Amino acid sequence: MILELDCGNSFIKWRVLGASAGIAVGEGVVDSDLALLESLNAIERLSLTYCRLVSVRTTEETGALTSLLTSAYGISVVCTAPSRKMSGVRNGYEEYERLGLDRWLAMLGGFHLASGACLVLDFGTAVTADFIDRDGEHLGGFICPGMPLMRNQLRTHTRNIRYGDIAAERALESFAPGRTTVEAVERGCSLMLRGFVLTQLEMARSYWGEDFVVFLTGGDAGLVSGVVPEARVVPDLVFVGLAMACPLI
């Protein structure tokens, strides 16, 4: 069994692949290293042989997790490293090692699935957009706050904004002007994301006309899918790139 991990700033996304055709036998999202172990240990007949991961956390945090996994399961852990070029994609950053590894892997996965020009939009703690042309050249991208950051900033800096997750979920059942604070905040932030997406689409069309593929990934991709009905929603796009960057040896 293969353990794959996407260690973000706020959460760890994981999945365990079985021996047959790479089918996931378990997957989920956790908020700590210990919660990850608890989730893994709940899988019946767990027998890990290999682990590959991508992390945007500090070297110390990533090292602590890899040590924990090695100690718990006796497996080798392979971490993705920055690269100037891989699988036909050329990193467009002036300092290629400073491009977030999760973005890099999502681009590898997107270009592989599209077999041509693509726009990769990832909706997590932050929202990112990356443009890859038909020759695999990364033209650059954008980063802006995602829903969690926008929501938390308003909660932190505005004294009267206080509400829970259930209220937030209900508020997004409509996009009419909000008649409560939770509706106004949630709908306003969501509309900002939709506006961001539309500007990215406009830019991609200025490059390639209609000859490109749009990928939506990340936990909040569903908030904007209605704006881009032709987009391909691939929740595990980072894992597609991870398998390319860290193949089994």
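Residues numbered from 1 in each chain as written. Predicted model: local features only at pLDDT ≥ 70, side-chain atom pairs only at ≥ 80, totals over all residues. Heavy atoms only, no water.

Going by the annotation in an unreviewed UniProt entry, the name recorded for the protein chain is Type III pantothenate kinase, with Pseudomonas violetae given as the source organism. Database annotation for the protein chain, UniProt heading Pathway (unreviewed entry): "Cofactor biosynthesis; coenzyme A biosynthesis; CoA from (R)-pantothenate: step 1/5." According to the UniProt record, the Function (unreviewed entry) comment for the protein chain is "Catalyzes the phosphorylation of pantothenate (Pan), the first step in CoA biosynthesis." (UniProt positions renumbered as here; feature names shortened; annotations may be inferred.)

(A) How the structure looks around the side chain of Arg52. Within the fold, Arg52 resides in strand β4 (residues 50-55). Assessed through its relative accessible area of 5%, Arg52 is described here as buried. Only 2.8 Å separates the side chain of Arg52 from the side chain of Glu4, close enough to count as a polar contact. A polar contact is formed between the side chain of Arg52 and the backbone oxygen of Cys246, at a distance of 3.0 Å. (Helix = DSSP H or I, 4+ residues; strand = E, 2+ residues; numbered from the N terminus. Buried < 20%, exposed > 50% of the residue type's maximum accessible area, 1.4 Å probe, protein only. Polar contact = N/O pair within 3.5 Å; in protein donor to acceptor, adjacent residues only side chain to side chain.)

(B) Structural view of the packing of aromatic side chains. Summed over the entire model, instances satisfying the criterion amount to five aromatic pairs. With a centroid separation of 5.8 Å and an interplanar angle of 85 degrees, the aromatic rings of Phe131 and Tyr207 are classed as edge-to-face. Of the two residues, Phe131 sits in strand β9 (residues 126-132) while Tyr207 sits in helix α6 (residues 181-208), which places them 76 residues apart along the sequence. By relative accessible area, which is 44% here, Tyr207 ends up partly exposed. With a centroid separation of 6.3 Å and an interplanar angle of 50 degrees, the aromatic rings of Phe131 and Trp208 are classed as tilted. Here Phe131, found in strand β9, pairs with Trp208, found in helix α6; they are 77 residues apart in sequence, far enough to count as distant. Taking the relative accessible area as the measure of exposure, Trp208 reaches 9% and is therefore buried. Members of the aromatic cluster, joined through ring pairs, are Phe131, Phe142, Tyr207, Trp208 and Phe212. (Phe/Tyr/Trp six-rings, centres within 6.5 Å; stacked < 30°, edge-to-face > 60°.)

(C) A look at the sheet that holds strand β2 (residues 12-17). Spatially, the five strands line up as an open sheet ordered β3-β2-β1-β4-β5, and their pairing is mixed. Since the sheet does not close on itself, it has two edges, and those belong to β3 (24-30) and β5 (77-79), each with one partner. Neighbour-to-neighbour, the strand axes of this sheet turn through a mean angle of 15 degrees, independent of strand direction. In the sheet, strand β1 (residues 2-7) pairs with β2 via six bridges, with the strands oriented antiparallel. Each bridged residue has a counterpart across the sheet, and for Leu3 the counterpart in β2 is Val16. (Pairing = 2+ DSSP bridges. Axes fitted to C-alpha atoms, helices over the stretch in contact; angles between N-to-C directions.)

(D) Summary view of the nonpolar core. With 26 residues, the main nonpolar core has Leu119, Leu121, Phe123, Leu193, Phe212, Val214 and Leu216 as its most contacted residues. Among the secondary structure elements, those contributing two or more residues to this core are β8 (118-123), β9, α4 (147-157), α6 and β11 (213-217). With eight residues, the top contributor of residues to this core is α6. Setting aside chain neighbours within four positions, we find Phe123 in contact with Leu193, Val197, Leu216, Thr217, Gly218, Gly219, Asp220, Ala221 and Val224. (Core = buried A, V, L, I, M, F, W, Y, C linked by side-chain atoms within 4.5 Å. Contact = heavy atoms within 4.5 Å.)

(E) Main features of the UniProt feature "binding site: substrate" (unreviewed entry) in the protein chain. UniProt records the feature "binding site: substrate" (unreviewed entry) for Tyr93, Gly100, Leu101, Asp102, Arg103 and Thr181 in the present numbering. Judged by maximum C-alpha separation, these annotated positions cover 89 residues in sequence and are scattered in space, the widest gap reaching 39.9 Å. For Asp102, the location among the structural elements is in helix α3 (residues 101-114). With relative accessibility at 21%, the residue Asp102 sits in the partly exposed group.

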